[in-house]
Amino acid sequence: MSPPGGRWNMQAILRNNRRFGFAGQPGLRTFALVALALFWLKPASADAIDLKVIDSTDAPWTSIGRVNFAGYKSTAMCTGTLIAPDLVLTAAHCLYNRSTGRPLPVDDLLFIAGVRRDAYSARLVPACALTAEGFELAQKPKLRDIHKDVALIVLKKPSTLPPVPVLAPEEAAILTRETRFQSAGYRRSRRFLPTVVPACRVLGTTEETWVTDCASEAGASGGPLLVETPNGLRVAGIMSARINDVQSAIVPFYAWQELLANPRCPKQSALEAPSLRSSLGADD
């Protein structure tokens, strides 16, 4: 069950308050609806992106880390965020093998929090992973697929690291078209330090997805879109797909509410659970 003011109501609230709508932006609306050559974050030119490299042991950076996969024949990585002592938020496609469309074995996944060169803040072991209901891996994703590209990794043991809270629906009133976000992730071009696009914007909302000017690349999938609130930093979105060199598609916070309502491992093993498919081909 969705909580009061859940996904659909929250979207209506955002639109009614003219936050992140495409009204008055016909060119952008056309772009968002037609030019949907999305990529599960392939390499981009890092030199062309305004990036801030983070070298810090302060919160929240100790709780943002790499979702690593080490299989028999391949390795891969995405970005994830510890949002509760036993929960890591990431993109659903990061839990799938892109070549086979099959789940990645949970035993081959690790969340390495706070990676800084050859150090890290915690090595956390997953018990299972949960994806949004109805998510299916698409080899050529379209914008209409993005709002379900969200997953939770449930950890075997709670972490003592400080979680980075998600933006609650009741906090959404702070968001306006002028709001600036920080898009964080472990990019393939900088695997061992997190980087941030420091002041990106949501350009509009379509197909329940935010289109942003937060440039991205491989490795950054699943990374948090952070926003400053009176109560501190909050995770307002999840990096999903690159649209082009300077724009990306984000899963907004109101699309996760059902998944957050009951984040518990199913009785069957994660490998058998039909809702858990895995996806991390080779660098998300």
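This structure is a prediction, so every number in the text was calculated from the model and none was measured.

Chemist: Just give me the short version of the nonpolar core, but keep the residues and values in it.
Modeler: Grouped burial of nonpolar side chains is what soluble globular proteins tend to show. Of all hydrophobic cores here, the largest spans 75 residues; its most connected members are L89, V150, F181, W210, L226, F253 and W256. Counting residues per element, this core draws most heavily on strand 14 (residues 232-242), which supplies six residues.

Chemist: How would you sum up the pattern of salt bridges? Please name residues and give values.
Modeler: Summed over the entire model, instances satisfying the criterion amount to six salt bridges. Across the pair R117 and D55 runs a salt bridge whose closest N-O atoms are separated by 2.8 Å. Of the two residues, R117 is situated in the loop between strand 5 (109-113) and strand 6 (122-124) and D55 in the loop between strand 1 (52-53) and strand 2 (64-70); the sequence distance between them amounts to 62 residues. For R117, a relative accessible area of 48% gives the class partly exposed.

Chemist: Summarise the state of the cysteines; cite the residues concerned and give the values.
Modeler: Taken as a whole and assessed by the stated rule, the structure comprises three disulfides. One disulfide in the model links C128 with C265; its S-S distance is 2.1 Å. Around the S-S axis, the bridge from C128 to C265 shows a dihedral of about -95° and counts as left-handed. You can see C128 sitting in strand 7 (residues 126-131) and its partner C265 sitting in the segment after helix 4 (257-261), a full 137 residues away along the chain. Under the relative-accessibility criterion, C265 is labelled partly exposed at 33%.

Chemist: Could you give an account of the side chain of T229, naming the residues involved and the relevant values?
Modeler: Relative to the assigned elements, T229 resides in strand 13 (residues 224-229). At 2.7 Å, the side chain of T229 forms a polar contact with the backbone oxygen of G232. In this structure T229 touches L167, E171, I174 and R234, once residues within four positions along its chain are discounted.

Chemist: Describe the confidence of the model for the protein chain, naming the residues involved and giving the relevant values.
Modeler: The predicted model of the protein chain averages 80 in pLDDT, with 75% of residues at 70 or higher. Per-residue pLDDT, averaged within each element of the protein chain, yields its smallest value for helix 2 (residues 26-34) (39) and its largest for strand 4 (residues 87-90) (98). Below pLDDT 50 for its whole length, residues 269-282 participates in 55 contacts with residues either more than four positions away or in separate chains.

Chemist: Could you give an account of the environment of I243, naming the residues involved and the relevant values?
Modeler: Residue placement: I243 occurs in the loop between strand 14 and strand 15 (248-252). For I243, a relative accessible area of 6% corresponds to the buried category.

Chemist: Account for unusual backbone geometry, with residues named and values stated.
Modeler: A cis amide bond links A59 to the next residue, P60, at an omega of 5°. Of note, P60 is situated in the loop between strand 1 and strand 2. The residue R117 is not glycine, and still its phi comes out positive at about 55°. With a phi angle near 60°, E208 is a residue other than glycine that sits in the positive phi range. Position of E208 relative to the elements: it lies in the loop between strand 11 (202-206) and strand 12 (209-212).

Chemist: Could you give an account of the packing of aromatic side chains, naming the residues involved and the relevant values?
Modeler: The final tally for this structure, using the stated rule, is five aromatic pairs. Between F181 and W210 the ring centres are 5.9 Å apart and the planes differ by 50°, which places this aromatic pair in the tilted class. Taken together, the residues span a long stretch of sequence, with F181 in strand 9 (residues 181-185) and W210 in strand 12 at a distance of 29 residues. Between F253 and Y254, the aromatic rings sit 5.4 Å apart at their centres with planes inclined by 75°, giving edge-to-face as the arrangement. Ring pairing ties together the aromatic residues F181, W210, F253 and Y254, which thus form one cluster.

Chemist: I'd love a proper account of the pairing of strand 4, names of residues and values included.
Modeler: Burial along strand 4 is two-sided: the residues L87 and L89 and V88 and T90 are all buried. Bridge count between strand 4 and strand 8 (residues 151-155): four bridges; the pairing is antiparallel. Bridging from a neighbouring strand, L89 pairs with L152 of strand 8.

Chemist: An account of the environment of C200 is needed here, citing residue identities and associated values.
Modeler: On the secondary structure map, C200 appears in strand 10 (residues 195-200). For C200, a relative accessible area of 1% translates into the label buried. Counting along the chain gives 47 residues from C200 to Q247, while the straight-line C-alpha distance between them is 9.7 Å. Contact partners of C200, with chain neighbours within four places excluded, come to T179, R180, F181, S183, D213, C214 and L225.

Thresholds, definitions, all that
- Residues numbered from 1 in each chain as written.
- Predicted model: local features only at pLDDT ≥ 70, side-chain atom pairs only at ≥ 80, totals over all residues.
- Heavy atoms only, no water.
- Core = buried A, V, L, I, M, F, W, Y, C linked by side-chain atoms within 4.5 Å.
- Buried < 20%, exposed > 50% of the residue type's maximum accessible area, 1.4 Å probe, protein only.
- Helix = DSSP H or I, 4+ residues; strand = E, 2+ residues; numbered from the N terminus.
- Salt bridge = Lys/Arg side-chain N within 4 Å of Asp/Glu carboxyl O.
- Disulfide = S-S within 2.5 Å.
- Polar contact = N/O pair within 3.5 Å; in protein donor to acceptor, adjacent residues only side chain to side chain.
- Contact = heavy atoms within 4.5 Å.
- pLDDT = per-residue confidence, 0-100.
- Phe/Tyr/Trp six-rings, centres within 6.5 Å; stacked < 30°, edge-to-face > 60°.
- Pairing = 2+ DSSP bridges.

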